Amino acid sequence: MSLASTFTVTLMLLLFAFFLTTDRGLQAAVSVLESKVEIALFLDGNAKVSEILALKARIEADPAVSRVEYVTKEQALKRLQDIADRRKDFVLATIDGNPLPSSLEIKLSDARQAKRFAEELRAEVGAGVVADVIDNPQVVDQLLTITRVLSVGGVAILAMMLFVALFVIVNTIRIAVHARRDEIEIMQLVGASDWFVRWPFILEGMLVGALGAVVALSVVFAASGPVTTAMLDFLVTLPISLGPEFAFQLAASVLGVALLVGAGGATLSVRAHLAK
Amino acid sequence: MIALDDVSKRYPNGTFALRDVDLRVDSGDFIFLVGASGAGKSTVIRLLIREELATTGRVVVDGEDVGRMPRSRVGRLRRKVGVVFQDFKLLPRKTVAENVAFALIVTGHEGRLVREETERALSLVGLTARRDHFPSQLSGGEQQRTAIARALVNRPRILIADEPTGNLDPVTSWEIIKLLTRVNDLGTTLVMATHNAEIVNALRRRVVHLDHGMVVRDEREGLYAA
C-alpha cells in the first residue's frame, strides 16, 4: 500500500465530496427558485364567476400545478395600495373605478412544466375567459440548463476520477499480489479456496480506500467552516442550509464509495492473477 | 483411484503434450512415470491437480471428473492430492512447522487440529527436532521432507511427486524414497515422475513410460529402461 495510491484515492474522494456538496446546494437553489415560478393568468372582465371557477378547477387538476389563487379586481387594487403605502416614492393617483383585471395566480410544483402549461393556457386567450397569460420562460430555462450542465459535467468528471482511482487500486493490489505470489501458489496447490486467497487483498484495497476517505473527509470538514463563511455573502440570498444531516450523508457516501472502489479494484486485480 | 481415458493435451500452437493416453492407477498403487524431458510426465501431473485441462478425453481422480468440475471444487480436489516438487516450494520466512501448518490453515482449519496434525506429519517425516528451523537452515533432504510433510498434512488419498530427488545427492535421494515408500505402505496412492534410473530399477514397482506424449510401456515390476 503506497502513499501515492492513498493520495490519488483522497483526491478522487475530495472531488466526489465537492460534487455532492455542490449538487446538494444547487438542488436546494433550484427548488427554492422553482417554488417561485409562477404563471399569471389575467381574466377577461366579462367572464362569469362560474366560468372562472370552472377554469380554476381545471387548472388545479393538472399535476404540474401546486396551487391556484383567485385574485379579484378589489384584491388586486388593495395589493397595489399596500405597496404604495410602504414605499414613500410611490404615489397612487386617485382615479375613478378600478382598472386592474382579476387574475388567477398559478404556482407550479414542477418548473419544467411551466412552458408547456403557459402555452396551453395561452391558446385560450380570446375565448371569453382568459385575457392574457404572463410567464417568465427564460428564468426557468436558464436555471434548468445550468443544473443539467453541472450534473452532466459533474458525473463525467467523477466517472473519470473513479476510473483513475480504480486503476490505482488495481495496481497497488497487483504489487501486493506479486510480492506474495509464492505464497499464493502454495495456497492454491494445497487446496485453499479462491476466497481464502482473495479476501486479504480485498481487505487491503478497502483499507486504502478507507484511509483515503479519512484524509478526504478531514480536509472537507476542516475546510467547511472557512468556506461557508466565505460563501455566506453569496448564499444569503437563498435559504440553503447544509446541516449535520447532510454532513453525515456526505461522510457515509464518501466512505461507501471509498470502500467500494477499494474492494472492487482489489477484486479485479486478484481475479486477473488467479485466472492466470 | 486415478483414471485417464483417451486423454490428449494439445497446446494452442498445435503441439501435443499428450496423445490418447489411457492410464489406470488403483488405490494404494505406487507408480513411476518415466521418460525424457518433455515426454509428458509433468503434463499428466498438472492434469491430475487441474492446473491444466485435457483437450479431449476424461481425467478422473477419486471418482470425480476433474475436467467437468467447477472451479469452486478445485480446492477440495487438491486437498485429496498432495504434491511434492523438485524445487520444494517452501516459504523461506516460515519455519518448518509453519510451512507444514500453512497447508491446514489456508484450507480453513484452526486451533488444536492444526497443531496435532502438524506434529503428526513432522514426526512421520522425522523432522520434529527441526520444527523451528527456517528452510535456509536445512539440508536439501530436510527441505524435501518438509515439503512431503506439508503435502501429507491434509491426509490426501494420493501423493504426487514430480522429480522429488532431482536436486538431491544419491544418499539423500534414498532417504526420500524410503520415506515415500513408507507413505505408500500406509495406504496413500503414489505417483512419482523421475529420471532416477537407479531408484526405479531397485524398487521394481509399476513403470509407465511416456514418449512424445504417448504411453509406450506400462509394466508391473518394471525397469527404468525396457
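In this text, all values refer to a predicted model and were calculated from it rather than measured experimentally. (Residues numbered from 1 in each chain as written. Chains lettered and ligands numbered in written order. Predicted model: local features only at pLDDT ≥ 70, side-chain atom pairs only at ≥ 80, totals over all residues.)

What about the domain arrangement of chain A?
Under the domain assignment used here, chain A contains domain 1 (3-32 + 140-274) and domain 2 (38-135). A straight line from the C-alpha centre of domain 1 of chain A to that of domain 2 of chain A covers 50 Å. (Domains from an automatic or database assignment.)

Looking at the packing of helix α5 (residues 140-152) of chain B against helix α6 (residues 170-185) of chain B
Residues and elements named next belong to chain B. Where α5 meets α6, the axes come as close as 9 Å, and the angle between the chain directions of the two elements is 15°. The angle between α5 and α6 falls in the class roughly parallel. Crossing of α5 against α6: the hand is right-handed. In contact with Gly140, Gly141, Gln144, Arg145, Ile148 and Leu152 of α5, α6 contributes Thr172, Glu175, Ile176, Leu179 and Val183. Class assignment of the residues belonging to the contact of α5 with α6 gives a composition of five nonpolar, four polar and two charged. (Axes fitted to C-alpha atoms, helices over the stretch in contact; angles between N-to-C directions. Helix = DSSP H or I, 4+ residues; strand = E, 2+ residues; numbered from the N terminus. Parallel < 35°, antiparallel > 145°, perpendicular 65-115°, else oblique. Left-handed = near helix turned anticlockwise from the far one by under 90°. Contact = placed C-beta atoms within 7 Å. Nonpolar A, V, L, I, M, F, W, Y, C, P; charged D, E, K, R; others polar.)

Notes on the environment of Pro170 of chain B
Mapping Pro170 of chain B onto the fold places it in helix α6. Counting along the chain gives 29 residues from Pro170 of chain B to Ile199 of chain B, while the straight-line C-alpha distance between them is 9.4 Å.

Points about the packing of helix α4 (residues 112-125) of chain B against α5 of chain B
Residue and element names in this part refer to chain B. Relative to each other, α4 and α5 sit at 135°, their axes nearing to 9 Å. When the axis of α4 is compared with that of α5, the two are oblique. Considering the relative orientation of α4 and α5, their crossing is right-handed. Along the contact surface, α4 presents Ala121, Leu122, Leu124 and Val125, while α5 presents Arg145, Ile148, Ala149 and Leu152. Partitioning the contact of α4 with α5 into residue classes produces seven nonpolar, no polar and one charged.

With respect to the sheet that holds strand β9 (residues 206-211) of chain B
All names here are of chain B. Spatially, the six strands line up as an open sheet ordered β6-β7-β8-β3-β9-β10, and their pairing is mixed. The open sheet terminates on both sides in strands that have one partner only, identified here as β6 (81-85) and β10 (214-219). Each strand axis lies, on average, 15° off the axis of its neighbour in the sheet, ignoring direction. Relative to strand β8 (residues 189-193), strand β7 (residues 158-162) runs parallel, the two sharing five bridges. (Pairing = 2+ DSSP bridges.)

Overview of the nonpolar core
Of all hydrophobic cores here, the largest spans 98 residues; its most connected members are Leu13 and Val254 of chain A together with Leu33, Leu48, Val100, Ala149 and Ile160 of chain B. Every residue in contact with Leu13 of chain A, bar those within four places of it in the chain, is listed here: Gly212, Ala213, Ala216, Val254, Val257 and Ala258 of chain A. Core analysis: the next-biggest nonpolar cluster, separate from the first, contains 16 residues, Leu104, Ala114, Ala118 and Leu121 of chain A among them. (Core = buried A, V, L, I, M, F, W, Y, C linked by C-beta atoms within 7 Å. Buried ≥ 20, exposed ≤ 12 C-beta atoms within 10 Å, placed from the backbone.)

Some details on the sheet that holds strand β4 (residues 56-61) of chain B
Residue and element names in this part refer to chain B. Strand order in this open sheet of four strands is β2-β1-β4-β5, and the pairing throughout is antiparallel. Only two strands of the sheet have a single neighbouring strand rather than two, namely β2 (16-25) and β5 (64-65). The strands touched by helix α1 (residues 41-48) within the sheet are β1 (2-10), β2 and β4, with β1 carrying the most contacts at an inclination of about 115°.

As for the pairing of β9 of chain B
All names here are of chain B. The pairing of strand β3 (residues 30-34) with β9 spans four bridges and is parallel. Note that in β9 the partner of Ile31 across the bridge is Arg206. Of the strand pairs in this sheet, β9 and β10 are connected by five bridges, and their pairing is antiparallel. The residue of β10 that forms the bridge with His209 is Arg217. Between the end of β9 and the start of β10, which pair antiparallel, lie two residues, with His212 showing a positive phi angle near 45°.

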